[in-house]
Amino acid sequence: MMFKSEGFKGNEEDYYAASNSLLDHVLRARTGIPISLSVVFAAVCRRVGVVLDAIGLPGHFLLGIKGSAGIFVDVFHHGTLLDLAQCQAITRSYGIPWSDEMVTPVPVSEVWARQVRNLLNCFQKKGDLAQSIRLQALLSSRHTRRAVLRPGTEAGGLLAAGTDAGPDLQRLLSLVLQMGQ
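Rules used throughout
- Residues numbered from 1 in each chain as written.
- Predicted model: local features only at pLDDT ≥ 70, side-chain atom pairs only at ≥ 80, totals over all residues.
- Heavy atoms only, no water.
- Helix = DSSP H or I, 4+ residues; strand = E, 2+ residues; numbered from the N terminus.
- Buried < 20%, exposed > 50% of the residue type's maximum accessible area, 1.4 Å probe, protein only.
- Contact = heavy atoms within 4.5 Å.
- Polar contact = N/O pair within 3.5 Å; in protein donor to acceptor, adjacent residues only side chain to side chain.
- Pairing = 2+ DSSP bridges.
- Axes fitted to C-alpha atoms, helices over the stretch in contact; angles between N-to-C directions.
- Left-handed = near helix turned anticlockwise from the far one by under 90°.
- Nonpolar A, V, L, I, M, F, W, Y, C, P; charged D, E, K, R; others polar.
- Salt bridge = Lys/Arg side-chain N within 4 Å of Asp/Glu carboxyl O.
- Expected span 1.5 Å × (residues − 1).
- Arc of directions from axis to C-beta.

**Re the overall build of the protein chain**
Looking only at helices and strands, the protein chain has 8 helices and 6 strands in total. Along the chain direction, N to C, the helices and strands of the protein chain fall in the order β-α-β-α-β-β-β-β-α-α-α-α-α-α. Within the protein chain, buried positions represent 45% of all 181 residues. Of the contacts formed within the protein chain by residues at least 6 apart in sequence, a portion of 49% connects residues at least 24 apart.

**A short note on the side chain of Ser132**
Mapping Ser132 onto the fold places it in helix H5 (residues 129–140). Polar side-chain contacts of Ser132 include one of 2.8 Å to the backbone oxygen of Asp128. Among residues more than four places away in sequence, those in contact with Ser132 are Leu120, Phe123 and Gln124.

**Observations concerning the sheet that holds strand S4 (residues 60–65)**
Pairing in this open sheet of 4 strands is antiparallel, and the strands run S3-S4-S5-S6 from one edge to the other. What marks the edges here is a single partner per strand, and that holds for strand S3 (52–57) and strand S6 (80–82). Across the sheet, the axes of successive neighbouring strands diverge by a mean angle of 35°, strand direction being ignored. In this structure, S4 lies alongside strand S5 (residues 72–74), joined through 2 bridges in antiparallel fashion. Looking at the pairing, Gly64 lines up with Phe72 of S5. Sitting on the sheet, helix H3 (residues 84–93) touches S3, S4, S5 and S6, and the angle it makes with S6 is about 95°.

**Some details on the packing of helix H2 (residues 34–47) against helix H4 (residues 108–126)**
The interhelical angle for the contact between H2 and H4, taken along N-to-C directions, is 145°, at an axis separation of 10 Å. At the point where H2 passes H4, the crossing takes the left-handed sense. Facing H2, whose interface residues are Ile35, Ser36 and Val39, H4 presents Val111, Arg114, Gln115 and Asn118. Its residues placed into classes, the contact of H2 with H4 shows 3 nonpolar, 3 polar and 1 charged.

**Brief notes about the pattern of salt bridges**
In the structure shown here, the tally under the stated rule is 3 salt bridges. The shortest N-O distance in the salt bridge between Lys66 and Asp53 comes to 2.6 Å. In this pair, Lys66 sits in the loop between S4 and S5 while Asp53 sits in strand S3, placing the two residues 13 residues apart along the sequence. Lys66 sits in the partly exposed class, given a relative accessible area of 47%. For Asp53, a relative accessible area of 17% translates into the label buried. For the salt bridge of Arg117 with Glu110, the shortest nitrogen-to-oxygen distance reads 2.5 Å.

**Some remarks on H5**
The end-to-end C-alpha distance of H5, which contains 12 residues, comes to 16 Å, matching closely the 16 Å that a straight helix rising 1.5 Å per residue would cover. Within the sequence span of H5, burial applies to Ser132, Leu135, Leu138 and Leu139. Buried positions in H5, seen along its axis, are confined to an arc of 125° and lie on one side of it. Exposed residues pointing more than 90 degrees away from the buried face of H5 are listed as Leu129, Ala130 and Ile133. Where H5 begins, the side chain of Asp128 points an oxygen toward the backbone nitrogen of Ala130, at a separation of 3.4 Å.

Here it is, written out as structure tokens:
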């Protein structure tokens, strides 16, 4: 449904656009990068009772099917199902030696941090120093990291309490936190 009916797809043409990491933009444009599409897909699946694991391979983000003994969903490539050998090939394509820990599920706090690091990379590539500094501060904020780990934390209150993240980042954090609830 997400890929055929609704038209969600990976944004290969403008991969490093910041909008690919902002979930409200991803929902509107129906394009994104692996992690943002995975967050959306996992949230939709969770609403129908299917819980997926977040898998943070180096250089690519997947979802793991709980209890499947090594079946993964590549949401960036239209929900293609992958096995462990295909995950190993992806990792090796980046010149990184394989480790079985690479398919260990990552917590929601790491999904959020990785999305913010992706945004930071986008703004650094554009030379946007102001946004880069804001994102660096957000990543290094001890208060923010602790709150992300606490279920039920309100994103708006969290960011207003200690970090000026701006409305786009507040929406990103809010949506990622909802994924983990």
